[in-house]
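# Understanding the architecture of this molecule
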Amino acid sequence: MAEGKKTRTTVVIYGQQYTISGTETTEHMMQVAMIVDEKMRQISSVNPNLHSDKLAVLTAVNAVHDYIKLQEQYDQLEKEFKRLRD
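Each value, and the rule that gives it
- Residues numbered from 1 in each chain as written.
- Predicted model: local features only at pLDDT ≥ 70, side-chain atom pairs only at ≥ 80, totals over all residues.
- Heavy atoms only, no water.
- Pairing = 2+ DSSP bridges.
- Helix = DSSP H or I, 4+ residues; strand = E, 2+ residues; numbered from the N terminus.
- Patch = residues over 30% accessible without salt bridge, like charges linked within 9 Å, V, L, I, M, F, W, Y side chains within 5 Å.
- Areas by Shrake-Rupley, 256 points an atom, 1.4 Å probe, with all protein chains shown as cover.
- Salt bridge = Lys/Arg side-chain N within 4 Å of Asp/Glu carboxyl O.
- Polar contact = N/O pair within 3.5 Å; in protein donor to acceptor, adjacent residues only side chain to side chain.
- Contact = heavy atoms within 4.5 Å.
- Buried < 20%, exposed > 50% of the residue type's maximum accessible area, 1.4 Å probe, protein only.

A few words now on the pairing of strand S2 (residues 16–22). Taken together, the seven bridges between strand S1 (residues 7–13) and S2 define a ladder with antiparallel strand orientation. When the bridges of S2 are listed, Thr7 appears paired with Gly22. Counting the residues between successive antiparallel strands, the hairpin from S1 to S2 contains two residues, one of them, Tyr14, with a positive phi of roughly 50°.

Looking now at a nonpolar patch on the surface. Together, Val64, Tyr67 and Ile68 make up an exposed nonpolar region whose accessible area comes to about 300 Å². With respect to the helices and strands, Ile68 occurs in helix H2 (residues 52–85).

Right, let's talk about the side chain of Ser44 for a bit. On the secondary structure map, Ser44 appears in helix H1 (residues 26–46). Among the polar contacts listed, one links the side chain of Ser44 to the side chain of Tyr14, at a separation of 2.9 Å. In this view, Ser44 contacts Tyr14 and Leu55; residues no more than four positions away in its chain are not counted.

A few words now on the pattern of salt bridges. Taken as a whole, this structure holds four salt bridges when the rule is applied. Ionic pairing is found between Asp66 and Lys39, a salt bridge with its closest N-O pair at 3.8 Å. Taken together, the positions of Asp66 in helix H2 and Lys39 in helix H1 put the pair 27 residues apart, joining distant regions of the chain. Residue Asp66 is classed as partly exposed on the basis of its relative accessible area of 33%. Residue classification places Lys39 among the partly exposed residues on the basis of a relative accessible area of 21%.

Take Ser52: it is sitting in helix H2. The partly exposed category is assigned to Ser52, whose relative accessible area is 42%. Through-space distance from the C-alpha of Ser52 to that of Gln17 is 14 Å; in sequence the pair is 35 residues apart.

Here it is, written out as structure tokens:
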């Protein structure tokens, strides 16, 4: 997609419709929405009495946790690659 060109996409997350915009492809934004929806449904299945705002916060906490773990793995792999290259 062209640098800086924004696309608007309508998605459904946890039964609510949202219009999101970004410079990524429509497919990318839909994939992100699908993953958020799946995570919210997963957390809700464990605790069905959570109010949607708390569910959203827990989903965000889980997403950031996953991001940090992946970043740590990436950093470790990068160190290993540099070690093997040198």
